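Each chain, written out:
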Amino acid sequence: MNFLKKLFIVLVIPLCAFTAGHKYYVSVTQIEYVKEKASVQIISRIFIDDFEKLLRERYNPDITLSKDGEPAEVDFYVEKYLREKIKIKINGKDTDVVFIGKEYEADIMYCYMEIENVKSISSFEITNQVLFDLYGEQQNIVRTEINNKNKSFILIRENDKGLLNF
């Protein structure tokens, strides 16, 4: 009987510790400078359910993100929110991040953005506050490929900026 108690403790208790299901709040933003096109191309991947919750709380409680039959106001709100929460400075100057569009794949929303007419980059600063206003535990991973150098940041509410100098 003593053996069964030990077996129970060793096998079952650790499994129960993970059944509460901790949810992770993460987005990933990939940034690539394409010198030949004088363009900074940005793709943000955000969980659909998290972003939908944000849009409902912030703009319209009836919004549903969907591949099929989505109202035009969704793109308006997505663009508005991303413009407020993602700020980029190149060579010390604010830039105009253009929202190109979005698409869905499984439970992820891919948001496509671009900064045009970028001749060269000597410094690159990003502020990414996506979903910080909804989730205190949110982490925004930023991966960059600029001037043939790869760099990654993990941005949190208390430290929402990353800076690269070349």
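Structural notes, computed from the coordinates. Remember, it's a predicted structure, so these values are computed and weren't measured experimentally.

### A closer look at the side chain of Asp 160
Looking at where Asp 160 falls in the secondary structure, it is placed in the loop between strand E9 (149-155) and strand E10 (161-165). Summary of buried charges: Asp 160 has no salt-bridge partner, and the nearest side chain of opposite charge, Lys 161, is 5.4 Å away. At 2.6 Å, the side chain of Asp 160 forms a polar contact with the side chain of Gln 129. When residues no more than four places from it in sequence are discounted, the contact partners of Asp 160 are Ile 126, Thr 127, Asn 128, Gln 129, Phe 132 and Leu 155.

### Side note on the pattern of salt bridges
A side chain with one charge can pair with a side chain of the opposite charge if their charged atoms come near. Overall, the coordinates contain eight salt bridges when judged by the stated rule. The salt bridge partner of Glu 79 is Arg 83, with a shortest N-O separation of 3.3 Å. Placement of both Glu 79 and Arg 83 in helix H3 (residues 73-85) is noted, with a separation of four residues, approximately one turn of the helix. Note on Glu 79: relative accessible area 26%, which makes it partly exposed. For Asp 133, the salt bridge goes to Lys 85, with nearest N and O atoms at 3.9 Å.

### Points about the packing of aromatic side chains
Taken as a whole and assessed by the stated rule, the structure comprises four aromatic pairs. Between the aromatic rings of Tyr 59 and Tyr 77, the centroid separation amounts to 4.6 Å while the plane-to-plane angle is 5 degrees, which identifies the pairing as stacked. With Tyr 59 in the loop between helix H2 (48-58) and H3 and Tyr 77 in helix H3, this pair connects stretches of sequence that are 18 residues apart. Following the ring pairs from residue to residue traces out a cluster consisting of Tyr 59, Phe 76 and Tyr 77.

### Here's the deal with the sheet that holds E10
Taken in spatial order, the four strands make up an open sheet running E4-E3-E7-E10, and their pairing is antiparallel. With one partner strand each, in any of the chains shown, strand E4 (93-94) and E10 form the two edges of the open sheet. As paired elements, strand E7 (residues 123-128) and E10 share five bridges and run antiparallel to each other. Paired with Ile 126 across the strands is Gly 162, a residue of E10. With respect to the sheet, H3 is in contact with strand E3 (86-90) and E7, its orientation differing from that of E3 by roughly 50 degrees.

Scoring rules and cut-offs
Position numbers for residues count from 1 along each chain, tracking the sequence in the order it is written. Under the rules for a predicted model, residues below a pLDDT of 70 receive no local features and side-chain atom pairs below 80 are neither given nor counted, while totals for whole chains, interfaces and linings still include all residues. With hydrogens and water excluded, all non-hydrogen atoms of the structure serve as input to the side-chain values. Secondary structure is summarised from DSSP: a helix means a run of H or I of at least four residues, a strand means a run of E of at least two, and numbering begins at the N terminus for each. Note on classification: 1.4 Å probe, protein chains only; a residue is buried when its accessible area is under 20% of the maximum for its type, exposed when over 50%, partly exposed between these limits. By the counting rule applied here, Lys and Arg register as positive and Asp and Glu as negative, while His and the ends of each chain are not counted. Salt bridges, as used here, are contacts in which a Lys or Arg side-chain nitrogen is within 4 Å of a carboxyl oxygen on Asp or Glu. Counted as a polar contact is a pair of N or O atoms within 3.5 Å, where, for protein atoms, one must be capable of donating a hydrogen and the other of accepting one, and residues adjacent in sequence contribute only when both atoms are in side chains. By the convention used here, residues are in contact when the closest approach between their heavy atoms is within 4.5 Å. Within 6.5 Å between ring centres, the rings of Phe, Tyr and Trp (the latter by its six-membered ring) count as paired, and their orientation is classed by plane angle as stacked under 30 degrees, edge-to-face over 60, tilted in between. Two strands form a pair only when DSSP identifies at least two bridges running between them. Here, axes are lines fitted to C-alpha atoms. For helices the fit covers the stretch in contact, and angles between N-to-C directions go from 0 to 180 degrees.

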